[in-house]
Structure formats: structure tokens, C-alpha cells
Amino acid sequence: MWRRVISLSSSISSSKSTLSNQAAYRLKVWESLTTEPKGGIVSWDKTPFITFVLGGPGSGKGTQCEKIVETFGFTHLSAGDLLRREIASNSKDGTMILKAVIEGKIVPSEVTVKLIKKEMESSDNVKFLIDGFPRTEENRIAFEQMIGAEPNIVLYFDCPEKEMVERVLSRNQGRVDDNINTMEKRLKVFEALSLPVINYYSNKGKLHKIDAVGTVDEIFEQVRPIFDACKDNWSTTGDKMRI
Ligand SMILES: Nc1ncnc2c1ncn2[C@@H]1O[C@H](COP(=O)(O)OP(=O)(O)OP(=O)(O)O)[C@@H](O)[C@H]1O
Ligand SMILES: Nc1ccn([C@H]2C[C@H](O)[C@@H](COP(=O)(O)O)O2)c(=O)n1
Ligand SMILES: [Mg+2]
């Protein structure tokens, strides 16, 4: 397995420029389409507290989100889960989403942000963990434009590729993308398109980098103080929002 990951790493640089070019093109198209926010941004009764949860495939985002929900009362919105729900419900975008997920590609931002927005609007909570999003600069800009908000903090679970591959291949949850072929593609996409987003938040001083190797409880002990330190920020938020 390790050997396969090493060879994958060496192929990343050759594929990166193509992926980046595609992303830059899509970003340009997106920006040209979104001079005005579509469908109106969310209007809040109380200021939301938004956490983006980032990290490579299998780095443990969902696992840590469950612990954050239990301990700090956040609402967990996993972009991947919302997209899988669309596939399962045979919605109009279901086939397109399934194809993207199997190929390890990123679904167009407008589709994903609409799903997130719907969940945020119908929630009584104002503390959100948005897991696996934004995966690209296009995702990030779409969120800002369609939701009209930015994250308060961003968590980044930093995990070696070897560990991510092992975790994904032993996950056993029946996911169509938990196989070595899709995983190799997802790792390339993560490096080419998601790392720039992580750097963006690092430059803004919003990033909390967490070493994602260790037991689930050990990792959570790095996460806990981040939220303890934010409690004052969200204690002024209420529990209702409206459109
Ligand atoms: N610290 C850990 N040590 C060992 N295994 C872990 C750890 N954290 C999570 N796992 C396991 O690794 C697998 C991947 O974890 P999880 O689903 O939380 O990752 P993820 O970042 O949400 O992945 P994806 O981006 O593919 O949704 C799961 O089977 C989970 O039980
Ligand atoms: N912002 C996102 C999040 C997810 N996807 C697609 C592509 C991913 O490989 C897949 C699974 O996501 P995960 O459960 O690993 O977070 O869903 C996307 O296109 N855009
Ligand atoms: Mg997950």
C-alpha cells in the first residue's frame, strides 16, 4: 500500500497543473456568473458561529465532528453526506453527483452550497460545523456569495497519506469512493485544489492545524481547547435564524 502512495505522490506534480488550470477556469466562469448573490443571502437573527472542518480523505473529520457535536452542541453538516443523500434520493442532480464522487471530482459549488444553505436555514442552532467544505477556491467563494458569511474558525486535520489510505480502505461503510482508484484521485484533488484553500485561511489567521495521527481521544484533546477558547464568541449568539 505504502509503495502505491509513494508512486502516487510522484505523479501528483504532473497532474497538478492540469487540475489547477481546470480549477482556475471554473473559478473564472463562476466569478463571471456570480456578480450578484443568487437566491438571496441568509439573514440571521443572531450571528452564526461557523467552523469549516478540512483535511484529506480519511483524515478523521467526521469522527472528530461527532465528538465536537457531543461536547459543544454544534450542528454537523457534512458536505459529502448531503451529496450522498442527493444520490440516494434520486434527485435531478443525483446521477451527476454520483459520477463526480466515483471519479473523486468536486461537484459544482452551486449544488453543494444550495444543500448547505437549506440545512442552515432550517436549523434552530446557529453553531455550525461544515465538514469537508470548502474543498476548492470555487467552493469558498460560492459560500461567501450565497450564504453571505465567512467561517469564524477553520480546523485542518493534518494526516499523512499512508494513514489516510489505510483508514479509508478499512472504513467498511459501503461508500462507493472507498477504493484505491478513487482514493488516489481524491488525494490528487486534495493536494491541487484543497491545500490552496487551507493556505488561504492560514494567511487570514483563522486556521487551527491539528496533528491527526493518534487515537480519536488524543486528537480530540487538541480540538477541545480550540472550542473552549471560542465559547465567549458564541455565547452571544441566539438559537434562531430566519431567511
Ligand atoms: N484517530 C483515528 N485513528 C484510527 N482510525 C480513525 C481515527 N479517526 C477516524 N478513524 C477511522 O478512519 C476512517 C475515516 O474517518 P472519517 O470518516 O472520520 O474521515 P473523514 O475525514 O471524514 O473522511 P472522508 O473525507 O472520506 O469523509 C473511519 O473508519 C474512522 O473510524
Ligand atoms: N465540498 C465537497 C465535498 C464533497 N464532495 C464530493 C467529492 C468527495 O470526494 C465526496 C465525498 O466527500 P467526503 O464525505 O469525503 O467529505 O463528495 C464535493 O464534491 N464537494
Ligand atoms: Mg467524512
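In this numbering scheme, every chain counts its residues from 1 along its sequence in written order. Throughout, the order in which chains and ligands are written sets their labels, letters from A for the former and numbers from 1 for the latter. pLDDT decides what is reported in this predicted model: residues at 70 or higher carry local features, side-chain atom pairs at 80 or more are listed and counted, and totals for whole chains, interfaces and linings draw on all residues regardless. To get the side-chain values, take all heavy atoms of the structure and skip hydrogens and water.

With an unreviewed UniProt entry as reference, the chain is termed adenylate kinase, source organism Tripterygium wilfordii. UniProt positions are given in the numbering used here, feature names are shortened, and annotations may be inferred rather than shown by experiment. The Sequence similarities (unreviewed entry) comment attached to the chain in UniProt states, word for word, "Belongs to the adenylate kinase family." UniProt lists a comment for the chain under the heading Catalytic activity (unreviewed entry), and it reads "UMP + ATP = UDP + ADP".

Lining the immediate environment of ligand 1, one finds 16 residues, of which K61, T63, R171, R175 and G214 sit closest. Polar contacts, as counted here, are pairs of nitrogen or oxygen atoms within 3.5 Å of one another; within protein the pair requires one atom able to donate a hydrogen and one able to accept it, and residues that are adjacent in sequence qualify only if both atoms are side-chain atoms. Here an oxygen atom of ligand 1 sits 3.3 Å away from a polar atom, N or O, in the main chain of S59. G60 places a main-chain nitrogen or oxygen 3.0 Å from an oxygen atom of ligand 1. Protein burial of ligand 1: of its 630 Å² of free accessible surface, 78% is covered by the chains. Gly is placed with the polar residues, together with every amino acid not listed as nonpolar (Ala, Val, Leu, Ile, Met, Phe, Trp, Tyr, Cys and Pro) or charged (Asp, Glu, Lys and Arg). Along the lines of polarity and charge, the residues of the shell around ligand 1 split into three nonpolar, eight polar and five charged. Here a residue counts as near a molecule or strand whenever at least one of its heavy atoms sits within 4 Å of it. Residue burial considers only the protein chains on display, and all accessible areas are found by Shrake-Rupley using a 1.4 Å probe.

Every axis in this analysis is a line fitted to C-alpha atoms, fitted for helices over the stretch in contact. Angles between the N-to-C directions lie between 0 and 180 degrees. Labels follow the DSSP assignment, with helices taken as runs of H or I lasting at least four residues and strands as runs of E lasting at least two, numbered in each case from the N terminus. Between helix α6 (residues 137-147) and helix α8 (residues 180-203), the shortest axis-to-axis distance is 8 Å and the interhelical angle comes to 50°. Put simply, α6 runs oblique to α8. Along its contact with α6, which presents E137, R140 and E144, the element α8 presents L193, P196, V197, Y200 and Y201. Here the residues of the contact of α6 with α8 are counted per class, giving five nonpolar, no polar and three charged. An angle counts as roughly parallel when it lies under 35 degrees, as roughly antiparallel when it exceeds 145, as roughly perpendicular when it falls between 65 and 115, and as oblique in every other case. In this analysis, two residues are considered to be in contact whenever any of their non-hydrogen atoms come within 4.5 Å of each other.

By size, the foremost hydrophobic cluster in this structure holds 33 residues, and its most contacted members are F52, I116, M120, I130, F133, F143 and I147. Of all the elements in the fold, those that place two or more residues in this core are β1 (49-55), α3 (79-88), α4 (94-102), α5 (109-121), β3 (127-131), α6, β4 (153-158) and α8. The dominant element in this core, judged by the number of residues it contributes, is α5, at five residues. The residues contacting I147, other than those within four sequence positions of it, are I41, V42, W44, V113, K117, M120 and A142. For this analysis, a nonpolar core means a set of buried residues of the types Ala, Val, Leu, Ile, Met, Phe, Trp, Tyr and Cys, connected via side-chain atoms within 4.5 Å. Relative accessibility under 20% of the residue-type maximum defines a buried residue, over 50% an exposed one, and the middle range a partly exposed one, all with a 1.4 Å probe and only protein chains included.

Our next topic: α6. The element α6 is largely enclosed, with a buried count of eight among its 11 residues. Taken residue by residue, α6 has E138, N139, R140, I141, A142, F143, M146 and I147 as its buried positions. Among the residues trailing α6, G148 stands out with phi positive, at a value near 75°.

Mapped onto the elements of the fold, G132 is located in the loop between β3 and α6. Using a relative accessible area of 6% as the deciding quantity, one classes G132 as buried. C-alpha separation for the pair G132 and I102, spaced 30 residues apart in sequence, amounts to 16 Å. Not counting chain neighbours up to four residues away, the residues in contact with G132 comprise V53, K61 and A79.

Here, a strand pair is defined by DSSP locating no fewer than two bridges between the strands. Taken in spatial order, the five strands make up an open sheet running β2-β3-β1-β4-β5, and their pairing is parallel. Looking along the sheet, the strands with just one partner apiece sit at the ends: β2 (75-78) and β5 (207-211). Neighbour to neighbour, the strand axes of the sheet diverge by 20° on average, direction disregarded. Summarising the sheet, β1 and β4 pair through five bridges and their orientation is parallel. Paired with F52 across the strands is V154, a residue of β4. Running at roughly 60° to β2, α3 makes contact with β2 and β3 of the sheet.

The full set close to ligand 2 counts 15 residues, and R84, V107, R135, N139 and R186 are the nearest of them. A distance of 2.7 Å is found between an oxygen atom of ligand 2 and a backbone nitrogen or oxygen belonging to V107. G132 has a polar backbone atom sitting 3.1 Å from a nitrogen atom of ligand 2. Of all the elements, α3 adds the most residues to the shell around ligand 2, at four residues. A breakdown of the residues in the shell around ligand 2 according to their chemical character gives six nonpolar, three polar and six charged.

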